[in-house]
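Residue-level structural notes
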Amino acid sequence: MCGIIGYIGSKNAREIIINGLKRLEYRGYDSAGIALINGETKIFKCAGRVKDLEDLVNKSSFNGTTGMGHTRWATHGEPNELNAHPQVSYKGNFVVVHNGIIENYALLKKHLESRGVKFTSQTDTEVLANLIEHLYLEGDLTAEQAITLALNRVEGAYGLVIICTKEPDRLFAAKKGSPLVIGVGDGENFIASDATPIVEYTQRVIYLNDDDIAIIKKDELVLKSIRTKKIQPEVKEIDLKIGEIDKEGFAHFMLKEIFEQPRAIHDTFRGRVLPDNSGIMLGGLHDVIETMAQSERIIIIACGTSWHAGLVGEYIFEEYTRIPVEVEYASEFRYRNPIIRKGDIVIAISQSGETADTLAAIKLARAKGAKVIGICNVVGSSIPRETDAGVYTHAGPEIGVASTKAFTTQVMVLAMMAFEIGHQKGTLSDSAYKDLITELASIPEKIENALKVNDQALELAKIFQNTHNALYLGRGYLFPVALEGALKLKEISYIHAEGYPAAEMKHGPIALIDEKMPVVVVATKDDTYEKVVSNIQEIKARKGIVIAIVTEGDEIISKMADYVLEVPETLPVFSGLLAVIPLQLLSYHIAVLRGCNVDQPRNLAKSVTVE
Ligand code: G6P
């Protein structure tokens, strides 16, 4: 939610910042801006994409070796030039880029207005800039003192980079609730919302913690708490290669990420499945796996696609561990005073590790005494740091806003956890455990085969690109996959789509079916196969158009459905990992044919750091 990058050194700051913003654009893309220092501080801002900002900046020859940029996902005030960041304080001494929400901004604004301060935008960020300026001037403070004081007065979340035009040899950065990472270079330093724009220049990073404030010069870095204590920075090496954040010849990041799934899934279990498929070892759970096995109840919390993965997790855990599982939207869980009993385990799932609702739900669960286990993709993000233990999915950077490989790798981690716990508890026999692991190890190759439906998915997309509605049905493990398929279609192609348990269709959605309504039925072979066959008959009896995802060689549904896409055979527990592939591809091609911006769909953002 909003991308931030700052640079201080001797290189061309303008180029570094614009390129960095392009890498961060997945975080928000409704307006953008840049501030450059070269004697004076010049600001360029516009509504629209980073490309629009680049065109604007290119009309000027102004450059510098220090600066910062922002790509926005609007929270306060519509996305126009005025509300774009950087925001400048009323006397022009402070220039601010901000990710997050200042919750008490209205109160602060009223107070400042009563002191004669004038505002030009509708943003909460301008309130913060003006508060800093006001404290700076009234108290005759240094920039650092004014910023620190202001941050002690604001409530809410922020990732901030601030320039004081009177102290142009430094950038100030501060974090609370919204991520910021410093890239440590030689004679230059970087600051950004995540490491993707930094890895091109350095692998040495410092993740800021909540309440940290950093004073960043080109060859000096001081880290303090806003409670003014000095902190010893912890520099980490990150293992992120620039190639991992390029499209590598694919038309879109989403397509690249769909095709990367065999590799991503393999990375998820690599080193965790013992030789000869004899067992599973999840290092991150070493100290908690026994407690998990003894737990009375598991609560899974997540948002969006990660919530769908959680739902698959519920089915897997209950089947193999016999521990009751509840799956909750983090945003609901956090606000309804949930009951946490002794012996409850909470599993939080998040690709980004930064989703504000999931983070808040984790904090609440821990405050109520639960042990919280994280499943995350982004190494070093906030959620892994807020949980008691956890497992990384190792999917690699996911840039497309619509989640694909995050889903399949999260399901894989949940399966590994459940098998491991089930085996420890004895609800899963030695031989069943081994069989499951053997099948698990074959999933990358099976996904590779499932990807062969790509051309067929494109042909289907040509037929259905102009549909207005679509229904997605599935049962058992395939119900969450139906939800995920519908979400993929609506978020990138803006076609209304609904996912439903196949049997529930007759309690409502069946009324929608007519000869124009495509119904995607996820119907690979498992225990409910016969029942799904009946559901397909019910749709056909009402002249609905059936697109079925079936197991290779299926002869029954292939005769009934109007169109079929085949995936390889696997055990029911892994069926979703394969069945989701044609759904991802179908949504992708429909969105491309409709001329939609696949990687950056309207109104969405990859990392939702506001509640
Ligand atoms: C946003 C993204 C989704 C993602 C959801 C949860 O809505 O667009 O793709 O599933 O946030 O994000 P998380 O990073 O917590 O998995």
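Residues numbered from 1 in each chain as written. Predicted model: local features only at pLDDT ≥ 70, side-chain atom pairs only at ≥ 80, totals over all residues. Heavy atoms only, no water.

Here we look at the sheet that holds strand β5 (residues 87-88)
So the rule is basically this: Two strands qualify as a pair provided that DSSP identifies no fewer than 2 bridges between them. Secondary structure is summarised from DSSP: a helix means a run of H or I of at least four residues, a strand means a run of E of at least two, and numbering begins at the N terminus for each. Every residue pair with non-hydrogen atoms within 4.5 Å of one another is taken to be in contact. With axes taken as lines fitted to C-alpha atoms, and helix axes fitted only over the stretch in contact, angles between N-to-C directions fall between 0 and 180 degrees.
Pairing within the open sheet is antiparallel, and its seven strands lie in the order β5-β6-β7-β8-β12-β13-β14. In the strand order of this sheet, the two ends are held by β5 and β14 (230-231), each with one partner. Here strand β13 (residues 221-225) pairs with β14 via two bridges, running antiparallel. Pairing of K224 across the sheet is with K230, part of β14. Where helix α4 (residues 124-139) meets the sheet, its contacts fall on β5, β6 (94-99) and β7 (158-164), and the angle it forms with β6 comes to roughly 140 degrees.

Looking at the packing of aromatic side chains
Cut-off, in case you're wondering: Put simply, two rings from Phe, Tyr or Trp (the six-membered ring, in Trp's case) pair if the centres are within 6.5 Å, and we call them stacked under 30 degrees between planes, edge-to-face over 60, tilted for the rest. Note on exposure labels: buried denotes an accessible area under 20% of the residue type's maximum, exposed denotes more than 50%, and partly exposed covers the range between, all computed with a 1.4 Å probe on protein chains only. Note on geometry: a ring has a charge over it if NZ (lysine) or CZ (arginine) is within 6 Å of the ring centre and within 35 degrees of the ring normal.
According to the stated counting rule, one finds nine aromatic pairs in the structure shown. Measuring from ring centre to ring centre gives 5.1 Å for Y7 and F190, while their planes differ by 55 degrees; the resulting arrangement is tilted. Taken together, the residues span a long stretch of sequence, with Y7 in strand β1 (residues 3-8) and F190 in strand β10 (residues 189-192) at a distance of 183 residues. What makes Y7 buried here is its relative accessible area of 0%. The class for F190 is buried, based on a relative accessible area of 0%. What links up through ring pairs into an aromatic cluster is the set Y7, F190 and Y201. Above the ring of F62, the side-chain terminus of K42 is found at 5.8 Å from the ring centroid. Its guanidinium or amino end placed over the ring of F119, K109 lies 5.0 Å from that ring's centre, counting from NZ or CZ.

Thoughts on the pattern of salt bridges
The condition that has to hold: Salt-bridge detection follows one rule: a side-chain nitrogen of Lys or Arg within 4 Å of a carboxyl oxygen of Asp or Glu.
Within the structure shown, the criterion is met by 28 salt bridges. D210 is the salt-bridge partner of K175, the closest N and O atoms lying 2.5 Å from each other. Residue K175 is located in strand β8 (residues 171-176), and its partner D210 is located in the loop between β11 (204-207) and β12 (212-216); the two are separated by 35 residues in the primary sequence. Taking the relative accessible area as the measure of exposure, D210 reaches 31% and is therefore partly exposed.

Structural notes on the layout of surface pockets
The condition that has to hold: A cavity, in this analysis, means grid points on a 1 Å lattice covering only the protein atoms where a 1.4 Å probe fits yet has no way out; a pocket is instead an open set bounded by protein on both sides within 12 Å along at least five of seven lines, and a residue lines either one if it has an atom within 4 Å of a point. Grid points are joined across faces, edges and corners, and a volume is the space filled by probe spheres set on the points. The classification used treats Ala, Val, Leu, Ile, Met, Phe, Trp, Tyr, Cys and Pro as nonpolar, Asp, Glu, Lys and Arg as charged, and all other residues, Gly among them, as polar.
In this model, the largest pocket occupies a volume close to 920 Å³. What lines the largest pocket is a set of 44 residues, and nearest its centre among them are L240, N377, V378, V379 and P397. Elements supplying a minimum of two residues to the lining of the largest pocket: β15 (236-237) and α7 (261-269). The class makeup of the residues in the lining of the largest pocket is 15 nonpolar, ten polar and 19 charged.

What to know about the site of the ligand
Short version of the rule: Consider each residue's heavy atoms; a residue with any of them within 4 Å of a molecule or strand counts as near. Here a polar contact is taken to be a pair of N or O atoms separated by no more than 3.5 Å, where protein atoms must pair a possible hydrogen donor with a possible acceptor and residues adjacent in sequence count only if both atoms sit in side chains. Only the protein chains shown count as covering a residue, and every accessible area follows the Shrake-Rupley method with a 1.4 Å probe.
As a matter of local geometry, the ligand sits amid 13 residues, with S306, S350, Q351, S352 and T355 nearest to it. The backbone of T305 places a nitrogen or oxygen atom 3.0 Å from an oxygen atom of the ligand. Residue S352 places a side-chain N or O atom 2.6 Å away from an oxygen atom belonging to the ligand. In the complex, 91% of the free accessible area of the ligand, which totals 390 Å², lies under the protein chains.

Comments concerning the pairing of β8
Of all six residues in β8, five are buried; the element is thus mostly enclosed. For β7 and β8, the ladder comprises five bridges, and the chain directions are antiparallel. Looking across to β8, one finds that L160 is bridged to A174. Counted between consecutive antiparallel strands, the loop separating β7 from β8 contains six residues. For β8 and β12, the ladder comprises five bridges, and the chain directions are antiparallel. Note on β12: the bridge partner recorded for K175 is D212.

Here's the deal with empty space enclosed by the protein
In total, this model carries three cavities of 30 Å³ or more according to the counting rule given. Taken as a whole, the second largest cavity encloses approximately 50 Å³ of empty space. Around the second largest cavity sit T524, K525, T551, V567, P568, E569, T570, S575 and L578, which together line it. A class-by-class count of the residues in the lining of the second largest cavity yields three nonpolar, four polar and two charged.

Thoughts on the environment of G284
Structurally, G284 is set in the loop between α7 and α8 (289-294). For G284, a relative accessible area of 41% translates into the label partly exposed. In this structure the C-alpha to C-alpha distance between G284 and F94, which are 190 residues apart in sequence, comes to 43 Å. Apart from residues lying up to four places away in sequence, G284 is in contact with A389 and G390.

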